[in-house]
Structures are given as C-alpha cells and as structure tokens.
Amino acid sequence: MFPIYKKELQSFFYTPFAYAMAMLFMLLFSLSFSTGIARLNDSHTWAFSFTEMFYSVILYFIFLLPILTMRTFADERKNGTEVLLMTSPVSTGRIVIAKFLANITVYLFMLAGTVIFPIITAIKGEVVMSQLICAYIGIFFWGAMYIALGMLISAFTENSIIAAIIGEVVMFALLFVDDFANTPFISQYPAIKKFLYAFAAQPRFSYFSEGFIRLSDLTFFLSAIIVLLIWTYIAIEKRRWNRG
C-alpha cells in the first residue's frame with residue numbers, strides 16, 4: 001500500500017500541481033482574512049473566532065477539492081496505467097485507502113499554511129482558541145468526506161475534467177441540502193425534510209465552527225467517509241473482475 005501512497009504523493013509534489021493548489025487556496029484565504037480583520041477594526045474588537053472565514057473556506061474547497069480528486073482513478077484509465085494497477089498484487093481496498101490518504105495528505109498540506117493567520121491574530125489581539133480548534137477539526141472531516149466523494153466520482157469516468165465538473169456540481173448541490181429542506185414546499189412534508197437533513201453536512205459543520213464537538217456529527221462524517229470509500233472499492237473491484 002505504501003508504494004501506491006508514495007507514487008500518488010510524487011504525482012502531486014513532484015509537479016507544480018500541489019503547490020499551485022496551495023497557493024490558490026492561500027490567496028483566497030488571505031482575502032477572507034483581510035476582510036475579517038477589516039470588520040474587526042470597524043467594530044473595535046480583537047476577539048477573532050474565524051467562524052465566518054471557515055464558512056468561506058467551504059466555498060473555496062468546493063472549487064478546489066474536485067480538482068484535487070479528479071485524477072485519482074480517471075487518469076489511471078486515460079493513461080492506460082489502470083491495467084497495471086488492477087493486476088498488481090495489492091488489493092483493491094489497499095489501493096483505495098492509499099489514494100485516499102495521499103489526497104488527505106495534500107489537503108492537510110493546504111490547511112497547514114493557514115495556521116499562520118491565527119498566529120498573526122494572536123500576536124496582535126485575541127483568538128478564541130476553542131472555536132479555532134473545533135473549526136479545524138470540522139473542516140478536516142468535512143474535507144475528508146468530500147475527498148472520498150470526489151474519488152468515487154473519479155472512479156466512474158476516464159476523463160478527469162468531466163470528473164471535476166461533476167464533482168463541482170454534486171458538492172455544490174450538497175452544500176444547500178439544508179436550505180432546500182427548509183423551503184416552504186418541502187417543509188409541508190416533515191418526513192422528506194427529516195430525510196434530507198440526514199444528508200446535510202452544513203448544519204453539522206456549523207457546530208464545529210462555533211466551538212462544539214458532538215459525537216453525532218463526528219459519526220456522520222466518519223460514516224459518510226467509510227460508505228463513500230466502500231462504494232469506490234465496489235466500483236473499482238467490479239471493473240477489476242470485468243477485466244479478469
């Protein structure tokens with residue numbers, strides 16, 4: 001499993017891809033940070049919770065994560081290397097986990113750069129540490145879930161661009177599941193509303209960003225990650241058997 005993990009990391013870090021992603025994310029995060037500081041100056045307070053910034057981060061990652069995951073399996077099929085992957089002695093489950101961990105590593109690399117902003121804020125003022133730590137935990141699990149979703153989408157296509165576009169659409173739609181559930185039409189049907197809320201990640205992330213860690217929210221994200229990885233495993237394993 002480690003050789004595949006290493007190969008995936010090399011495909012990210014031995015090319016400008018990971019660095020370009022990180023730079024773009026840092027640019028967007030810097031703009032949100034500057035806006036947040038400006039609002040603090042206007043309100044004459046220096047207690048910075050980062051809550052609003054992490055909501056902005058979600059929108060940035062909806063744009064960036066499909067680009068990160070689009071090549072996971074699509075490029076293997078497009079470049080003809082999928083045959084080597086399928087015939088390797090490594091099990092399908094290990095392949096999926098190795099690729100997932102490689103994507104998570106790049107994701108953490110992108111998040112690590114943002115630590116400088118709380119440090120700058122703490123030097124000049126006050127950071128609400130409980131909210132900051134919980135927000136980082138929440139954004140990690142949120143991103144891990146969407147990485148697993150992006151991998152699943154990539155497993156169904158050989159065109160990485162199409163995988164990215166579908167990922168953007170699906171992730172953006174999921175972002176507004178709770179808003180859709182609260183529309184007057186859906187609110188007439190409590191059972192449907194409850195069903196839609198079961199798939200809404202946004203309200204669960206809001207608890208993290210406000211400084212709360214609930215077992216139910218952790219269970220939701222972990223369950224979603226596991227289910228999506230299992231579906232990816234099934235999709236790849238099915239293709240592996242078809243080739244056999």
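Here, the structure is the one placed above.
Sequence positions are assigned chain by chain, starting from 1 and proceeding in written order. Thresholds applied to this predicted model are a pLDDT of at least 70 for local features of residues and 80 or more for the giving and counting of side-chain atom pairs; totals over whole chains, interfaces and linings are not thresholded and use all residues. Hydrogens and waters are ignored; side-chain quantities use all the structure's heavy atoms.

**Student:** Outline the overall build of the protein chain, supporting the account with residue identities and numerical values.
**Tutor:** On a plain count of helices and strands, the protein chain comes out with 14 helices and 2 strands. By definition in these notes, contact holds between two residues if any of their heavy atoms fall within 4.5 Å. Partitioning the intrachain contacts of the protein chain with sequence separation of at least 6 by distance along the chain shows that 78% fall at a separation of at least 24. Entry remark: accessible area of the protein chain is about 12,400 Å², with carbon and sulfur atoms responsible for 72%. Labels follow the DSSP assignment, with helices taken as runs of H or I lasting at least four residues and strands as runs of E lasting at least two, numbered in each case from the N terminus. Each accessible area is a Shrake-Rupley estimate made with a 1.4 Å probe; only the visible protein chains count as cover when residues are assessed.

**Student:** Before we move on, could you go through the side chain of Ser160 and cite the residues and values that matter?
**Tutor:** On the secondary structure map, Ser160 appears in helix α9 (residues 160-175). Only protein chains enter the accessibility calculation, which uses a 1.4 Å probe; a residue is then buried when its area is under 20% of its type maximum, exposed when over 50%, and partly exposed in between. Since its relative accessible area comes to 9%, Ser160 is described here as buried.

**Student:** Give me the packing of helix α8 (residues 129-154) against helix α13 (residues 202-209): which residues, what numbers.
**Tutor:** For the pair α8 and α13, the least separation of the axes is 7 Å and the interaxial angle reads 150°. Classified by the interaxial angle, the pair formed by α8 and α13 is roughly antiparallel. Along its contact with α8, which presents Gln131, Cys134, Ala135, Ile137, Gly138 and Ile139, the element α13 presents Phe205, Phe208 and Ser209. Following the grouping adopted for this structure description, the nonpolar residues are Ala, Val, Leu, Ile, Met, Phe, Trp, Tyr, Cys and Pro, the charged ones are Asp, Glu, Lys and Arg, and the polar ones are all others, Gly among them. Residue composition of the contact of α8 with α13, by class: 6 nonpolar, 3 polar and no charged. Only the stretch in contact is used when fitting a helix axis, every axis being a line fitted to C-alpha atoms; angles between N-to-C directions are given from 0 to 180 degrees. Note on terminology: angles under 35 degrees are roughly parallel, angles over 145 are roughly antiparallel, angles of 65 to 115 are roughly perpendicular, and the others are oblique.

**Student:** With reference to specific residues and values, describe the nonpolar core.
**Tutor:** With 67 residues, the main nonpolar core has Phe61, Leu65, Phe100, Ile139, Trp142 and Met145 as its most contacted residues. Where this core is concerned, the elements lending two or more residues are α1 (2-13), α2 (17-43), α3 (51-69), α6 (92-112), α8, α9, α13 and α14 (215-243). It is α8 that contributes the most residues to this core, 15 residues altogether. Ignoring sequence-local partners within four residues, the contact set of Ile139 consists of Phe54, Val57, Ile58, Phe61, Tyr107, Leu111 and Phe205. Nine residue types can take part in a nonpolar core, namely buried Ala, Val, Leu, Ile, Met, Phe, Trp, Tyr and Cys, and a core is a set of them joined through side-chain atoms within 4.5 Å. Val177, Ile186, Leu196 and Ala200 belong to the second largest nonpolar core, which has 5 residues in total.

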